[in-house]
Amino acid sequence: ASGPDSAREPSAARRSAASQMRSSMKPGDRLPEVIFHTRIRDTSIGGPNPFRWNETTTTDYFGGRRVGLFSLPGAFTPICSTYQLPDFEEAAVEMAELGIDEIYCLSVNDAFVMNQWARSQELKNVRVIPDGSAEFTRRIGMLVRKDDVGFGGRSWRYAAVVDDGVIEKAFVEP
């Protein structure tokens, strides 16, 4: 379609990706076991950048707790930074009252980008998970190609309640 409203209409590729994504995550599914390559502060290193690599698994993040997980296409993007991440940050107390132990934001970005994004957003309640190689995102069926905007492979927007590594509820963007 062309004209003034065409920019707001989803492309055929986006509609096709959306139809594929809708059925990918569902309650009862166990999250795939992957290794996330994270950076953690280690003051024993010293210097201006005291961080070291850490391998954190799906079980490390989700085992033995009830988690609110949400994913979005990219750190520092306008909607993700202005609405989605801040809304989850602000909802932390209410989510805790509903039995959520942790809130995680996952994106197909590397640990450096995710850590700087968390820092710039002054997060206190939401922890970020870097899925730099998109392995987790691909294995749960949420990987979408966004080449039309120069992003490459990214995560579809979704949120889920995950209890001890099992999806309890899933909310996937149409």
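Reading the values: the criteria
- Residues numbered from 1 in each chain as written.
- Predicted model: local features only at pLDDT ≥ 70, side-chain atom pairs only at ≥ 80, totals over all residues.
- Heavy atoms only, no water.
- Salt bridge = Lys/Arg side-chain N within 4 Å of Asp/Glu carboxyl O.
- Helix = DSSP H or I, 4+ residues; strand = E, 2+ residues; numbered from the N terminus.
- Buried < 20%, exposed > 50% of the residue type's maximum accessible area, 1.4 Å probe, protein only.
- Phe/Tyr/Trp six-rings, centres within 6.5 Å; stacked < 30°, edge-to-face > 60°.
- Arc of directions from axis to C-beta.
- Contact = heavy atoms within 4.5 Å.
- Polar contact = N/O pair within 3.5 Å; in protein donor to acceptor, adjacent residues only side chain to side chain.

Enquirer: Break down the pattern of salt bridges for me, citing the residues and quoting the values.
Expert: Scanning the entire structure with this criterion turns up six salt bridges. A salt bridge links Asp-42 to Arg-52, with the nearest nitrogen and oxygen atoms 3.1 Å apart. Of this pair, Asp-42 sits in the loop between β1 (35-41) and β2 (51-57) while Arg-52 sits in strand β2, and the two are ten residues apart along the sequence. With relative accessibility at 18%, the residue Asp-42 sits in the buried group. Classification of Arg-52 as partly exposed rests on a relative accessible area of 34%. For Arg-145, the salt bridge goes to Asp-147, with nearest N and O atoms at 2.9 Å. A residue is classified by how much of its surface remains accessible, and Asp-147, at 46% relative accessible area, is partly exposed.

Enquirer: Talk me through the packing of aromatic side chains; I want residue IDs and the actual numbers.
Expert: Applying the stated criterion across every chain yields a total of nine aromatic pairs. Between the aromatic rings of Phe-62 and Phe-136, the centroid separation amounts to 6.5 Å while the plane-to-plane angle is 5 degrees, which identifies the pairing as stacked. Here Phe-136 lies in helix α6 (residues 135-139) and Phe-62 lies in helix α2 (residues 58-62), a separation of 74 residues in the sequence. You can call Phe-62 buried: its relative accessible area is 1%.

Enquirer: Account for helix α5 (residues 111-120), with residues named and values stated.
Expert: For α5, the complete set of buried residues consists of Ala-111, Met-114, Trp-117 and Ala-118. Axial view of α5: buried residues confined to an arc of 130 degrees, hence all on one face. Buried residues along α5 sit against β1, β2, α3 (78-90), β4 (102-107) and β5 (126-130). Between a side-chain oxygen at the N-terminus of α5 and the backbone nitrogen of Phe-112 the separation is 2.9 Å; the capping residue is Asp-110. Immediately beyond the C-terminal end of α5, within one or two residues, lies Glu-122, with a positive phi of roughly 55 degrees.

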